[in-house]
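Listed below, chain by chain, are the residues.
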Amino acid sequence: MYVTHDPSTGTTDSEYDQTDDVDGILSTVTEGFASWRATDVAERAKVLLAIADAFEEHTEELAKAITTEMGKLPDQAQGEVKLAASIYRWYGEHGPELLEPETLDVPGARLNRVTHEPVGPLVGVMPWNYPYYQVARFAAPNLLLGNTIVLKHASICARSSAAIEKVQRAAGLPEGAYVNVYASSDTVAEMIADPRIKGVSLTGSEGAGAAVAKVAGENLTTSVLELGGSDPLIVLDTDNLDELVETVGKARLSNCGQACNSPKRMFVPEDMKDEFVARLRDLYEGTKVGPAADEGTALGPLSSEGARDGVVEQVERAVEQGATLVTGGRAIDRPGAFMEPTVLTGITPEMDAYTEEIFGPVAMVYGYDSLDEAVRVANDTPFGLSGSVWGTDTDKASEVADRLEVGMAYVNEHGTTMAGLPFGGVKRSGYGRELGRWGLGEFVNIRLQRVH
């Protein structure tokens with residue numbers, strides 16, 4: 001059973017029956033692949049542009065669904081819908097050119113031509129924290145390529161996942177090109193193991209990624225994984241501490257801290273640390289927490305009471321192990337999945353919080369005397385999704401950013417996502433890339449034709 005639950009009220013919204021008709025689903029996308037791949041790429045691009053238009057036209061309606069399902073603030077929800085639209089539009093506008101056949105200058109033949117061919121039906125396993133954006137960055141490039149998709153969304157996002165399929169269908173996407181399913185983990189595993197499925201992409205937890213990668217590997221099925229992150233944010237200096245704290249502090253609270261590429265660990269010079277922490281404490285204690293749809297709310301609920309309780313337990317364990325709780329850290333006593341925004345300091349390697357991901361409104365602040373030490377600790381994590389460096393000398397900041405063991409490094413911004421930029425991490429943050437031209441390179445057959 002898929003259940004949508006409003007984390008702002010603690011009440012159940014709707015229930016949806018699961019499907020286990022693997023053969024029927026895979027037959028649909030397999031038959032759909034034959035016709036969708038034969039559709040001219042220019043026509044596929046037109047469909048993506050129509051999908052982008054439809055997302056923009058229905059922004060308010062789509063945003064309301066995820067405000068209810070997972071507690072996203074209305075302005076952030078509308079921003080996500082528009083971001084998803086921009087991804088479909090980018091591939092509709094730029095994708096056909098990127099898929100043009102390429103002629104290689106290699107001697108010994110009259111022609112060396114490389115073409116990009118679709119691989120076939122794919123399975124996408126998507127998370128709840130960005131219900132539209134996560135799907136768009138997987139679906140848009142692969143639909144342009146001519147692949148077809150079985151989309152298994154998070155169980156708490158049943159309404160928004162159905163809305164995606166409805167919008168796409170209304171925009172002209174054929175029924176066999178994209179099928180939304182309410183499936184269990186076992187059903188997904190059965191699909192991945194089926195020879196009709198040629199690839200799988202998962203965004204989610206390490207555990208889910210390992211399970212999917214195991215099934216994919218056993219069946220020689222191509223996989224892409226985008227997993228967790230514990231992003232470092234290193235401050236070198238600033239000429240406006242108030243502005244810096246407000247910018248990075250609010251970045252940590254965006255989406256209630258439930259973003260893989262959120263700046264979870266903040267490193268500041270030791271002589272700046274006390275003032276930085278004091279201002280971050282004031283910012284968080286002045287943040288209005290409440291139901292996502294209420295006017296004036298700056299921090300909504302986590303996605304569920306269970307998710308909230310898990311984050312609170314992580315904070316409590318960190319304090320038990322010797323960390324300093326500067327502010328917050330507690331569940332708020334009211335219906336819903338609310339938690340106080342939190343600041344932790346004094347994190348050491350012996351503590352669980354040093355290496356684990358805290359997926360909620362918790363900022364961990366580290367002071368440093370040596371920049372080399374800051375970089376060492378920033379990299380001393382199993383994750384490597386993204387990171388950032390902040391300073392008045394951008395050349396120096398860029399040099400430090402080059403030392404971060406991450407898939408995406410930023411200077412004077414954090415976690416920027418745009419359709420034309422590659423997205424992905426290293427180490428236990430996963431493998432493969434999405435978005436931009438790189439998003440067209442994961443589930444594609446590179447075919448060489450050589451004419452002698």
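Residues numbered from 1 in each chain as written. Predicted model: local features only at pLDDT ≥ 70, side-chain atom pairs only at ≥ 80, totals over all residues. Heavy atoms only, no water.

### Some remarks on the domain arrangement of the chain
Here's step 1: The assigned domain composition of the chain is domain 1 (2–227 + 429–451) and domain 2 (231–411).
Here's step 2: Look at where the C-alpha atoms of domain 1 and domain 2 centre, and you get two points 31 Å apart.
Here's step 3: Around 1,800 Å² of area is buried between domain 1 and domain 2 when both sides are counted, 53% of it from carbon and sulfur atoms.
Here's step 4: On the surface where domain 1 and domain 2 come into contact, there are 0 salt bridges.
Here's step 5: The interface formed by domain 1 and domain 2 holds 9 residue pairs in polar contact (both at pLDDT 80 or more) in total.
Here's step 6: Contributing elements (two or more residues each) for the side of domain 1 that touches domain 2: helix H3 (59–70) and helix H4 (74–98).
Here's step 7: Ranked by residue count, the leading element in the side of domain 1 that touches domain 2 is H3, at 3 residues.
Here's step 8: For the side of domain 1 that touches domain 2, the residue count by class is 8 nonpolar, 9 polar and 5 charged. (Domains from an automatic or database assignment. Buried area = accessible area lost by both parts, 1.4 Å probe. Salt bridge = Lys/Arg side-chain N within 4 Å of Asp/Glu carboxyl O. Polar contact = N/O pair within 3.5 Å; in protein donor to acceptor, adjacent residues only side chain to side chain. Helix = DSSP H or I, 4+ residues; strand = E, 2+ residues; numbered from the N terminus. Nonpolar A, V, L, I, M, F, W, Y, C, P; charged D, E, K, R; others polar.)

### Notes on the sheet that holds strand S7 (residues 178–181)
Here's step 1: On the basis of which strands lie adjacent, the open sheet formed by 6 strands has the order S7-S6-S5-S8-S9-S19 and mixed pairing. Edge positions in the sheet fall to S7 and strand S19 (430–431), since each of these pairs with one other strand and no more.
Here's step 2: In the sheet, strand S6 (residues 148–152) pairs with S7 via 4 bridges, with the strands oriented parallel. Bridge assignment links Leu151 to a residue of S7, and that residue is Asn180.
Here's step 3: Contacts between helix H7 (residues 185–193) and the sheet are confined to strand S5 (121–125), S6, S7 and strand S8 (199–203), with S5 contributing the most and set at about 150 degrees to the helix. (Pairing = 2+ DSSP bridges. Contact = heavy atoms within 4.5 Å. Axes fitted to C-alpha atoms, helices over the stretch in contact; angles between N-to-C directions.)

### Topic: a negative patch on the surface
Here's step 1: Taken together, Asp237, Asp239, Glu243, Asp393, Asp395, Glu399 and Asp402 make up a surface patch of like negative charges.
Here's step 2: You can see Asp237 is positioned in the loop between strand S10 (232–235) and helix H9 (241–253). (Patch = residues over 30% accessible without salt bridge, like charges linked within 9 Å, V, L, I, M, F, W, Y side chains within 5 Å. Areas by Shrake-Rupley, 256 points an atom, 1.4 Å probe, with all protein chains shown as cover. Lys, Arg positive; Asp, Glu negative; His and termini not counted. Charge placed at Lys NZ, Arg CZ, Asp CG, Glu CD.)

### Quick notes on the sheet that holds strand S4 (residues 111–118)
Strand-to-strand pairing in sheets goes through backbone hydrogen bonds, with the strands running parallel or antiparallel.
Here's step 1: An order of S3-S4-S20 is seen for the 3 strands of this open sheet, with the pairing classed as antiparallel. The open sheet is flanked by strand S3 (102–103) and strand S20 (444–451), the only strands paired with a single partner.
Here's step 2: Across 8 bridges, the pairing between S4 and S20 is antiparallel. The partner of Glu117 across the bridge, within S20, is Asn445.

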